[in-house]
Amino acid sequence: MNSLANIGETVQSPEFQARFDDVVRGTARRNHSYIVYKDAQKRTVREYPATEEIFEVSADDKTLTLLSVHGVPVAPADALVVEATPYRFPQPVLAAH
């Protein structure tokens with residue numbers, strides 16, 4: 001069992017980082033949501049784990065440009081630009097009882 005004395009070391013361990021990544025991506029996948037982070041090129045990106053799409057977020061947060069699908073980069077000529085909205089997927093409609 002880890003103590004608070006070595007929590008920093010635990011959090012930085014590759015095992016903890018991998019598990020944390022699995023939990024975050026799994027939660028986003030189940031909720032049809034996304035995660036936002038800076039990529040290696042310092043771009044702000046949105047990743048949708050459910051569809052394995054990665055979009056670059058514009059500086060004004062108004063548009064998303066498709067960068068890759070299932071890990072395959074999209075050619076600049078084929079880049080899809082969409083309006084940035086909180087949800088990428090249709091929201092469920094609840095039926096009246």
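How each quantity is defined
- All chains use their own residue numbering, which begins from 1 and follows the written sequence.
- Totals for whole chains, interfaces and linings use all residues, but because this is a predicted model, local features are given only for residues with pLDDT of at least 70 and pairs of side-chain atoms are given and counted only at 80 or more.
- The side-chain figures draw on all heavy atoms in the structure; neither hydrogens nor water molecules are used.
- The salt bridge definition used is simple: a Lys or Arg side-chain nitrogen within 4 Å of an Asp or Glu carboxyl oxygen.
- By the criteria applied, helices consist of DSSP H or I runs no shorter than four residues and strands consist of E runs no shorter than two, each listed in order from the N terminus.
- Three labels apply to residues, based on accessible area from a 1.4 Å probe with only protein chains included: buried if under 20% of the type maximum, exposed if over 50%, partly exposed otherwise in between.
- In this scheme, strands are said to pair when DSSP sees at least two bridges between them.
- In this description, a nonpolar core means a group of buried Ala, Val, Leu, Ile, Met, Phe, Trp, Tyr and Cys residues linked to one another through side-chain atoms lying within 4.5 Å.

A. Representation of the pattern of salt bridges within the structure. On inspection of all chains with the given rule, the structure shows three salt bridges. Between D21 and R25 there is a salt bridge, and its shortest N-O distance comes to 2.9 Å. Here D21 and its partner R25 are both found in helix α2 (residues 14–30), four residues apart, which amounts to about one turn of the helix. In this structure, E47 engages R25 in a salt bridge whose closest nitrogen and oxygen atoms are separated by 2.4 Å. Of the two residues, E47 is situated in strand β2 (residues 44–48) and R25 in helix α2; the sequence distance between them amounts to 22 residues. The buried category is assigned to E47, whose relative accessible area is 12%.

B. Region of the structure containing the pairing of strand β1 (residues 35–38). One ladder, built from four bridges, connects β1 with β2; its direction is antiparallel. Bridging across to β2, I35 finds its partner in E47. Taken together, β1 and the strand that follows it, β2, pair antiparallel across an intervening segment of five residues, in which K42 is found at a positive phi of about 70°.

C. Region of interest: the nonpolar core. Membership of the largest hydrophobic core is limited to six residues, which are Y48, F55, V57, L64, L66 and A84. For this core, the secondary structure elements donating two or more residues are β3 (53–57) and β4 (63–69).

D. Quick look at unusual backbone geometry. The backbone phi angle of K42 is positive, close to 70°, even though this residue is not glycine. Position of K42 among the secondary structure elements: in the loop between β1 and β2. In this structure K42 comes out as exposed when scored by relative accessible area, which is 66%.

E. The environment of A59, seen in detail. Here A59 lies in the loop between β3 and β4. Its relative accessible area of 85% is what places A59 among the exposed residues.

F. Structural view of the pairing of β3. Residue alternation in β3 divides its side chains into a buried set, E53, F55 and V57, and an unburied set, I54 and E56. Bridge analysis of β2 against β3 gives four bridges, and the strand direction is antiparallel. Bridging across to β3, Y48 finds its partner in E53. Hairpin connection from β2 to β3: four residues lie between these consecutive antiparallel strands, with E52 at a positive phi of about 55°. Pairing geometry for β3 and β4, over five bridges, is antiparallel. Pairing of F55 across the sheet is with L66, part of β4. Hairpin remark: β3 followed by β4, antiparallel, with five residues in the connecting loop; positive phi at D61, about 60°.

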